[in-house]
Amino acid sequence: MSTADRSGARPPGPAAEPATLYVRFRRSTGPDRGAPPDEDLYARLLDLLGRFTPTVQALPPDAALADVRGALRYFGRDAAGIAELIRVRALAWHGVDCSVGVAVNPLLARMAAQQAAPGEVRGVGGAPEGVAEFLERKPVTALHGVGPATARTLATYGLDSVGRVAATPPATLQRILGARNGRLVAERARGLDPTPVTPNAAARSIGAEHRFPHDELDEDRRRRALLSLADELGGRLRGSGQVARALTLTVRYADRSVTSRSRRLEEPTAHGPALVRAAYTLHAALGLQRARVRAVALRAEDLGRAENAARQLSFDASDDKARRIEAAIDRARARFGATAVGPAARYDDRR
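Residues numbered from 1 in each chain as written. Predicted model: local features only at pLDDT ≥ 70, side-chain atom pairs only at ≥ 80, totals over all residues. Heavy atoms only, no water.

Asker: Any chance you could explain the overall build of the protein chain here in plain terms?
Answerer: On a plain count of helices and strands, the protein chain comes out with 14 helices and 10 strands. Looking at the protein chain as a whole, 47% of its 351 residues qualify as buried. In the protein chain, the proportion of contacts linking residues at least 24 apart, taken out of those at least 6 apart, comes to 67%. (Helix = DSSP H or I, 4+ residues; strand = E, 2+ residues; numbered from the N terminus. Buried < 20%, exposed > 50% of the residue type's maximum accessible area, 1.4 Å probe, protein only. Contact = heavy atoms within 4.5 Å.)

Asker: Looking at this structure, I do not really get the pairing of strand β7 (residues 242-253). What am I missing?
Answerer: Residues in a regular strand point their side chains to alternate faces of the sheet. Of all 12 residues in β7, 11 are buried; the element is thus mostly enclosed. Alignment of β7 against strand β8 (residues 258-269), held across 8 bridges, turns out to be antiparallel. Paired with T248 across the strands is S262, a residue of β8. Counting the residues that bridge the hairpin from β7 to β8 gives 4 residues, and of these R256 lies at a positive phi of roughly 75°. The sheet contact formed by β7 and strand β9 (residues 293-301) spans 8 bridges and is antiparallel. Across the sheet, residue R252 finds its bridge partner in β9, namely A295. (Pairing = 2+ DSSP bridges.)

Asker: What's the story with the pattern of salt bridges in this structure? I'm lost.
Answerer: Opposite charge on two side chains lets them pair, provided their charged atoms get close. Enumeration according to the criterion identifies 15 salt bridges in this entry. Between R27 and D38 there is a salt bridge; the shortest N-O distance is 3.2 Å. With a gap of 11 residues between them, R27 in strand β1 (residues 20-27) and D38 in the loop between β1 and α2 (39-50) connect regions that are remote in the sequence. Note on D38: relative accessible area 40%, which makes it partly exposed. Close ionic contact of D62 with R252 constitutes a salt bridge, the shortest N to O distance being 2.9 Å. Pair noted here: D62 is in the loop between β2 (56-59) and β3 (63-67) and R252 is in strand β7, with a separation of 190 residues, a long-range link. The class for R252 is buried, based on a relative accessible area of 10%. Ionic contacts of the salt-bridge type, sharing partners, join the residues R24, R26, D62, E209 and R252 into one network. (Salt bridge = Lys/Arg side-chain N within 4 Å of Asp/Glu carboxyl O.)

Asker: Looking at this structure, how should I read unusual backbone geometry?
Answerer: Trans peptide bonds make up the majority, and among non-glycine residues the majority have a negative phi. Between P60 and P61 the backbone carries a cis peptide bond, its omega angle lying at 10°. Unlike most non-glycine residues, D302 shows phi in positive territory, near 55°. On the accessibility criterion, D302 (24% relative accessible area) is partly exposed.

Asker: Sorry, what's going on with the nonpolar core here?
Answerer: Across soluble globular proteins, nonpolar side chains have a tendency to be buried as a group. Counting 32 residues, the largest nonpolar core has Y22, L108, M111, F134, L135, L154 and V165 as the members making the most contacts within it. Where this core is concerned, the elements lending two or more residues are β3, α5 (106-115), α6 (128-135), α7 (148-155), α8 (162-166), α9 (170-177) and α10 (179-189). The leading source of residues in this core is α5, at 6 residues. Every residue in contact with F134, bar those within four places of it in the chain, is listed here: L108, M111, A112, Q115 and V124. Among the nonpolar cores identified, the runner-up in size contains 31 residues, and L247, V251, L282 and L298 belong to it. (Core = buried A, V, L, I, M, F, W, Y, C linked by side-chain atoms within 4.5 Å.)

Asker: Looking at this structure, I do not really get helix α11 (residues 219-239). What am I missing?
Answerer: Residue pairs three or four apart in sequence face the same way in an α-helix, which turns once every 3.6 residues. A rise of 1.5 Å per residue sets the reference length of α11, with its 21 residues, at 30 Å; its end C-alpha atoms lie 30 Å apart and thus fit the reference within 8%. At the N-terminal boundary of α11, the capping side chain belongs to D218, with an oxygen 2.8 Å from the backbone nitrogen of D220. Directly beyond the C-terminal end of α11, a positive phi value near 70° is found at G241. (Expected span 1.5 Å × (residues − 1). Polar contact = N/O pair within 3.5 Å; in protein donor to acceptor, adjacent residues only side chain to side chain.)

Asker: Please clarify how the sheet that holds strand β5 (residues 121-123) should be interpreted in this entry.
Answerer: Within a sheet, adjacent strands bond to each other through the backbone by hydrogen bonds, running parallel or antiparallel. Taken together, 5 strands build an open sheet; the order of strands is β2-β3-β1-β4-β5 and the sheet is mixed. Only two strands of the sheet have a single partner each, and these edge strands are β2 and β5. Mean inter-strand twist for the sheet, computed between neighbouring axes without regard to direction, equals 15°. Strand direction decides the pairing type here: β1 and strand β4 (residues 96-103), joined by 8 bridges, are antiparallel. Residue pairing for β4: F25 is matched across the bridge by C98. Contacts from α2 reach β1, β2, β3 and β4 within the one sheet, and its direction differs from that of β2 by about 160°. (Axes fitted to C-alpha atoms, helices over the stretch in contact; angles between N-to-C directions.)

Asker: What is the right way to look at the layout of surface pockets in this model?
Answerer: Gaps left between atoms show up when a probe the size of a water molecule is rolled over them. The space that makes up the largest pocket amounts to roughly 1200 Å³. Surrounding the largest pocket, 50 residues form its lining, L59, R110, H144, S260 and S262 being those nearest its centre. In terms of residue count, α10 provides more of the lining of the largest pocket than any other element does, 6 residues in total. Within the lining of the largest pocket, the residues separate by chemical class into 21 nonpolar, 14 polar and 15 charged. (1 Å grid on protein atoms, 1.4 Å probe; cavity = no way out; pocket = protein on both sides within 12 Å on 5 of 7 lines; lining within 4 Å. Points joined across faces, edges and corners; volume = space filled by probe spheres on them. Nonpolar A, V, L, I, M, F, W, Y, C, P; charged D, E, K, R; others polar.)

Quick look at the structure:
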């Protein structure tokens, strides 16, 4: 019995019918053409997906997964046909282009969508030989969850493509990457992903994204972008009377691949310095020394009301001073606008 079989994951059989959609949204008109939707538009796009299936998983700020297995018979179309309906309605109703991947599981649907141009639907068949052909020549970073650090480790053993990783015994990958990560990479290199599409609520999070004018190699510029994003999120949280319990960093690379990492915060907070520290920790953990980064995004998650959150008392005078300064900044922004006051690094980055 193979490692994949022992793990509980099963390869798609010959009769497996693609029914998972990965949908990525981009504005199609106006000065923001090509940009992700804002929060209000994103919510309307999720409502559009909900017209086809109740099984919709929000992936803020610009994507979603949908399981349309129960809708195939109702609409009299296969999953690709439903994806076309979604694409046409998103463009006609909301002025949004959808890149849609159609496959038998979220991993393959996500990878298909990454190859699709705006307004295009791409599918991966469920037959094992078709999945193997689709994956064979792709770089290992194309696999969701495989970041630059893991890719560099695999490359030292000559495993620089998904096909080569798939041909490597799972036990060897576990010796290289550790038991859990080795098993996960072995499964994904074979196109296996037992993760279900889990309906969730996008309203439990808020996010912000910074797109660099060119592929960014400079770590200091990336950190300045994260400082600005964390400061923006903190202001929005305080303005709405909310706190976050977790923070997620999403990094988009020049080859369109994406890495996301999440971190639980020490306590529910809307305090800017705490969010900045968490963002810097997530960034450092990715090991992006030579990565060509196209955009970074932060998302404050698991939100709750500030009045219901317990705060650890501090005897640090500098912390109290920082919070008083933060309150003064919030008042200045409320009076003179969101860009009236901000971290000095935000303005240094514009030079």
